[in-house]
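# Examination of the molecular architecture
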Amino acid sequence: MGQVNEKLSTLAFAVVEENGKTLNVTVPKENLYETASFLRKSCNCDFLMDIVGMDYTDSLGTVYNLSNTQDPAQLVALKTTTSDRENPLLDSVHDLWESAGLYEREVYDFLGIRFLNHPDMRRLFLRQDWKGHPLRKDYDANPALNPVPMENEPIEDMETVPAIELKMGQPVESTRKLFAEDEYIVNFGPQHPATHGVLHLRVSLEGEIIKKIDPNFGYIHRGIEKMSEAYTYPQILHLTDRLDYLSGTINRHAVCLCCEKALELEVPERAHYIRTIFDELTRIASHLLGWGCMAMDMGSITAFVYGMRDREKIMDIFEETAGARLMVNYNVIGGVAQDIHPDFQRKVKEFIPYMRKMLKEHHLLFTGNPIARGRMEGVGYLSREQAVSLGTTGPSGRASGWSNDVRKIEPYAAYRHADFKEVLRREGMTFDRYIIRLDEILESLNIIEQLIDNIPEGAYAAKTKAIIRLPEGEFFQRVENARGEFDVYINSKGDKSPYRIKFRSPCMTLVNTLIPTTVGSKVADLIMIGASLDYVVPCIDR
Amino acid sequence: MEVKDIYIKNMKTGDFKENEYLEEYVKELKNNGVNIFISKIDDVINWGRSNSVWPLTFATSCCGIEFMCLGAARYDFARFGWEVTRNSPRQADVVFVCGTIVHKMAPVLKRLYDQMAEPKYVMAFGSCAISGGPFKSSYHTVMGVDEVIPVDVYIPGCPPRPDAMIYGMMQLARKIKMQEFFRLPLQPDMKPYLEAEQEELKEKEEVADGTSK
Ligand code: SF4
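The rules we used
- Counting restarts for each chain: residues are numbered from 1 in the order of the written sequence.
- Chain labels run from A onward and ligand labels from 1 onward, assigned in the order the entries are written.
- Selection of residues for local features in this predicted model requires a pLDDT of at least 70, selection of side-chain atom pairs for listing and counting requires 80 or more, and totals for whole chains, interfaces and linings are taken over all residues.
- As a rule here, side-chain values cover all heavy atoms of the structure and leave hydrogens and water aside.
- A run of H or I in DSSP counts as a helix once it spans at least four residues, and a run of E counts as a strand once it spans at least two, with each numbered from the N terminus.
- We compute the radius of gyration from the C-alpha atoms alone; for a globule the expected value is 2.2 Å times N to the 0.38, where N is the number of residues.
- Between buried and exposed lies partly exposed: a residue is buried under 20% and exposed over 50% of the maximum accessible area for its type, with that area taken using a 1.4 Å probe on protein chains only.
- What makes two residues a contact is simply this: any of their non-hydrogen atoms within 4.5 Å.
- For the accessible areas, the method is Shrake-Rupley and the probe is 1.4 Å, while residue cover comes only from the protein chains on display.
- This count recognises Lys and Arg as positive and Asp and Glu as negative, with His and chain-terminal groups excluded.
- Think of each charge as sitting on NZ of Lys, CZ of Arg, CG of Asp or CD of Glu.
- The rule for a salt bridge is simple: a side-chain nitrogen of Lys or Arg has to be within 4 Å of a carboxyl oxygen of Asp or Glu.
- In this description, buried area is defined as the sum, over both parts, of the accessible area (probe of 1.4 Å) that is lost when the two are combined.
- In these notes, residues near a molecule or strand are those with any non-hydrogen atom within 4 Å of it.
- An automatic or database domain assignment is the source of the domain bounds shown.
- Between N or O atoms, a polar contact is any pair within 3.5 Å; within protein, one atom must be a potential hydrogen donor and the other a potential acceptor, and residues adjacent in sequence are included only when both atoms are from side chains.
- Three residue categories are used. Nonpolar comprises Ala, Val, Leu, Ile, Met, Phe, Trp, Tyr, Cys and Pro, charged comprises Asp, Glu, Lys and Arg, and polar comprises the others, including Gly.
- Without a salt bridge and with relative accessible area above 30%, a residue can belong to a patch; like charges are then joined within 9 Å and nonpolar side chains (Val, Leu, Ile, Met, Phe, Trp, Tyr) within 5 Å.
- Strand pairing requires that DSSP identify at least two bridges connecting the strands.
- Note on method: axes are straight lines fitted to C-alpha atoms, helices fitted across the in-contact stretch only, with angles between N-to-C directions ranging 0 to 180 degrees.
- Classification of ring pairs uses Phe, Tyr and Trp, with its six-membered ring standing for Trp, and accepts pairs whose centres are within 6.5 Å; under 30 degrees between planes counts as stacked, over 60 as edge-to-face, and the remaining range as tilted.
- Put simply, buried Ala, Val, Leu, Ile, Met, Phe, Trp, Tyr and Cys residues joined by side-chain atoms within 4.5 Å make one nonpolar core.

## Focus on the overall build of chain A
Summing up its helical and strand segments, chain A has 18 helices and 17 strands in all. A globule of 542 residues ought to have a C-alpha radius of gyration of about 24 Å, and chain A, at 23 Å, matches this closely. Its C-alpha atoms put chain A at 70 × 60 × 50 Å along the principal axes. Per-residue burial over chain A gives 63% buried out of 542 residues. The long-range fraction of contacts in chain A, counting pairs at least 24 apart against all pairs at least 6 apart in sequence, stands at 67%. Per element, the accessible surface of chain A, about 19200 Å² overall, is 51% carbon and sulfur. Both charge centroids of chain A, one from 63 positive and one from 78 negative side chains, sit 3 Å from each other.

What follows is the structure in structure tokens.
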């Protein structure tokens, strides 16, 4: 940290302060691009985790959460504000980090901040004709302003791309068409079984070869972040389960950890162990479903049925302890909701050898299949540099050789008591992304095996106040969910609900990854590559 | 007709928690002048219809996972003849609305529904589809799919268990069984379309008359 701090002191305008492991850098908006490019090039902050759009009531602003692949535990938060609420403009950083392209569109959609020199300033989630920017504090939520539409969004609107550029010191607005007049465009989604949710891809084809892809989001945008600003912290927990429902427990764990960090609450070891075991079971269930769906997309329904069958075993374990199958709602601030069922340990211990045996069968059944191999090998190449720049975390990034496992970088809960290895592969093909998930199931089983017999005795939750108020400040927590790095950013003003809460969705960058990996390949590979990235759309749309 | 008579193979009438609503439905049909005397031909057709309902694969969010569980080995809706999930609305009989419907999705769902061939049915699966559920206070959620399309069966839960879904399916099977196939009641939203169509036809005729004269 010292190094970056030292280097930053050469920038006279930057205000640098340390907040735990995070370095807060505040700059005036004129120097934003300069600082960002300095951080990127000289301080090696090559991984842009997230851009948080902020409304500070008197001004609007952004927070860029940055990390460094060489020293991943070090975080930098770059902040800037603009006092112009009517026509806020900030410099775009999309040429420094590829992931910034979508993040900036999101900030524009939610807060109305436009980014200079960004080539595509369309809204990301809401319809282009939506009135207002919902995350502004003065947003008018009157439903009469935005009634439920009965007609599809006009294609015109989707295709007209506004942009704003700085020419000779003056911002100049322009619009362009996304596709040329004679381009052949196939609509893929929003209702398509292979998009794994309601994602709308507009694919421009040249024969069978993909030339361009334009993802459209927002078909399941539920406004969770805005809703959370009116909810208390324990209420918010229920919404996090529904973001990425396949790793619901893990997302919820992240918010709990973030609140506990803010409250400086001592969580009993027993709760840590139980949470970790639940997280890993969730991960296995998610990977099994991902594997099954990927196989189903290739036409193998049998594999899907096998995957779901094994997943049911985990659902049973969840149900016995927590009372629900999918929406487990088990973590609470301070621990877990209730103690584990007396049969929990026995059932989990029975499950481990069963799953190991079944994995062998899954490999026999599917991995060796020449047709499957033919469709997975040699397609969808993603290099490590691209993965970092796009922010492709999780198994998909690790398949390209980027070691980004938050469980290793910042061991939370009981991961420090477990000895496990981070599964890495080099090639970054569809096949690697496929096989890495099955290997991770094995690793997860190892973790569970080490923890299950050592669950310490004691309380399963710490005592908390009836009304939980977080102290004033900013809090940030990273966890590794089944699809990648899930981050929670809370800005609290000391109230019982957050001033601003932001979730980093690993899936949004996965869809962004789809573009460079598929352009140039056959349209049939789009389905396979998409399935191998394994995104969950409600997590993107939030 | 007595509701008692509706027999479906998979579940006894007494096992249903509530039968009253069906009786009300019958009454409503009668009041609207629909003859609900079911002939033997109807019986045969309905037997076939209620045992081979083809659902559309439609899932927007979390509830979709439970729908997948329903399709997989343990709950296996193939037992009831529901397993032929269709990816095209034109081949589907029923749409399970699994998950939240938001403003941007509402017209898409409406369009899917319009593309389905009559007779068609809708099941609202989960509290989101019923009323907006946990996202009731959101600016972008539709407060229940019945704002967009008519619903036949509501299945509460967040998400409902697959068992609950099977119960809902049986309810729909009964509803299908008691309908007279050759004189199905119009789906509520079809009326304006038909009227508009007829008006259009009339206009055309008038124009044609005018030119011929
Ligand atoms: S009812 Fe619950 S589980 Fe179903 S889609 Fe809504 S939030 Fe998800």
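After that view of the structure, there is still more to cover.
## Quick notes on the pattern of salt bridges
Across all of its chains, the model carries 48 salt bridges over all chains by this definition. Where A:Arg325 meets A:Glu312, a salt bridge forms, and the shortest distance between an N and an O atom there is 3.0 Å. Of this pair, A:Arg325 sits in the loop between helix 9 (301-322) and strand 13 (331-332) while A:Glu312 sits in helix 9, and the two are 13 residues apart along the sequence. Neither A:Arg325 nor A:Glu312 differs from the other in exposure class; each is buried. B:Arg74 is paired through a salt bridge with A:Glu312; the nearest N and O atoms lie 3.4 Å apart. In this pair, B:Arg74 is assigned in the loop between helix 3 (63-71) and strand 2 (94-98) and A:Glu312 in helix 9, connecting two distinct chains. We classify A:Glu312 as buried; its relative accessible area is 4%.

## Focus: the interface of chain A and chain B
Counting residues at the interface gives 48 residues for chain A, matched by 41 residues for chain B. For the chain A and chain B pair, buried surface summed over both sides reaches about 3800 Å², with 66% attributable to carbon and sulfur atoms. Looking only at chain A, the three residues that lose the most surface to chain B are A:Gln191, A:Arg222 and A:Arg325, adding up to 17% of its buried area. Where chain A meets chain B, there are four salt bridges. A salt bridge links B:Glu66 to A:Arg325, with the shortest nitrogen-to-oxygen separation between them at 2.9 Å.

## Brief notes about the environment of B:Arg161
You can see B:Arg161 is positioned in the loop between strand 4 (153-155) and helix 6 (162-177). Overall, the relative accessible area of 30% leaves B:Arg161 in the partly exposed class. Residues B:Arg161 and B:Phe67 lie 94 residues apart in sequence; the distance between their C-alpha atoms is 9.1 Å. Those residues in contact with B:Arg161, other than ones at most four positions away along the chain, are A:Glu319, A:Arg325, B:Glu66 and B:Tyr75.

## Some details on the site of the ligand
Close contacts around the ligand come from 14 residues, with B:Cys62, B:Cys63, B:Ser127, B:Cys128 and B:Cys158 the closest. Looking at the residues close to the ligand, they fall on chains A and B.

## Looking at the domain arrangement of chain A
All names here are of chain A. Considered domain by domain, chain A is made up of domain 1 (2-156) and domain 2 (235-541). Taken over C-alpha atoms, the centre of domain 1 sits 27 Å from the centre of domain 2. Counting residues at the interface gives 32 residues for domain 1, matched by 27 residues for domain 2. Counting the surface lost from both domain 1 and domain 2, the interface buries some 2500 Å², and carbon and sulfur atoms represent 56% of this. With a closest N to O distance of 3.4 Å, glutamate 106 and lysine 502 form a salt bridge. Run the count over domain 1 and domain 2 and you get ten residue pairs in polar contact (both at pLDDT 80 or more). Residues belonging to the side of domain 1 that touches domain 2 are distributed by class as follows: 16 nonpolar, eight polar and eight charged.

## With respect to a negative patch on the surface
Residues and elements named next belong to chain B. On the surface, Glu195, Glu197, Glu199, Glu200, Glu203, Glu205 and Glu206 cluster together to form a negatively charged patch. Of note, glutamate 197 is situated in helix 7 (residues 190-212). Of the residues examined, glutamate 197 reaches a relative accessible area of 48% and is grouped as partly exposed.

## Quick notes on unusual backbone geometry
Residue B:Pro159 is reached from B:Cys158 by a cis peptide bond, and omega for that bond is -10°. The backbone of A:Asn117 shows a phi angle near 75°, a positive value even though the residue is not glycine. Checked against the element boundaries, A:Asn117 lands in the loop between strand 7 (114-116) and helix 4 (155-159). In this structure A:Asn117 comes out as partly exposed when scored by relative accessible area, which is 40%. The phi dihedral of A:Asp534 falls on the positive side, at around 55°, and the residue is not glycine. Mapped onto the elements of the fold, A:Asp534 is located in the loop between helix 17 (523-533) and helix 18 (537-541).

## Here's the deal with the environment of B:Thr57
Here B:Thr57 shows up in the loop between strand 1 (55-56) and helix 3. If we ignore the near neighbours within four places in the chain, the residues touching B:Thr57 are A:Gln191, B:Phe67, B:Thr85, B:Arg86 and B:Asn87.

## A short note on the side chain of A:Arg275
All names here are of chain A. Positionally, arginine 275 belongs in helix 8 (residues 269-297). Under the relative-accessibility criterion, arginine 275 is labelled buried at 0%. Setting aside its immediate chain neighbours within four residues, arginine 275 contacts His253, Cys256, Leu257, Glu260, Val267, Asn331, Val332, Gly334, Gly335 and Val336.

## Examining the sheet that holds strand 11 (residues 200-206) of chain A
All names here are of chain A. Ordered in space as 10-11-12, the three strands form an open sheet in which the pairing is antiparallel. In this open sheet, the two strands that pair with only one neighbour each are strand 10 (184-188) and strand 12 (209-216). With strand direction ignored, the average angle separating the axes of adjacent strands in the sheet is 25°. Note that strand 11 and strand 12 share seven bridges and pair antiparallel.

## Some words on the packing of aromatic side chains
All names here are of chain A. On inspection of all chains with the given rule, the structure shows 18 aromatic pairs over all chains. An angle of 55° between the planes, with centres 6.2 Å apart, marks the rings of phenylalanine 366 and tyrosine 434 as tilted. A residue pair is termed long-range when its members are at least 10 positions apart, and phenylalanine 366 in helix 10 (residues 344-367) and tyrosine 434 in helix 15 (residues 430-452) qualify at 68 residues. Take phenylalanine 366: its relative accessible area is 4%, and that puts it in the buried class.

## With respect to the nonpolar core
Side chains of a nonpolar character, in soluble globular proteins, are inclined to be buried together. Among the nonpolar cores identified, the biggest contains 99 residues, and A:Tyr535, B:Phe58, B:Val97, B:Ile101 and B:Val145 are the most heavily contacted of them. A per-element tally of this core places helix 3 (residues 100-111) of chain A first, with seven residues. Composition of this core by domain shows at least three residues from each of domain 1 (2-156) and domain 2 (235-541) of chain A. Ignoring anything within four residues of it in the chain, the contact list for B:Val145 reads B:Val97, B:Ile101, B:Leu109, B:Ala124, B:Ala129 and B:Val151. Counting residues in hydrophobic clusters, the runner-up holds 80 residues, among them A:Ile236, A:Phe351, A:Ile468 and A:Ile501.

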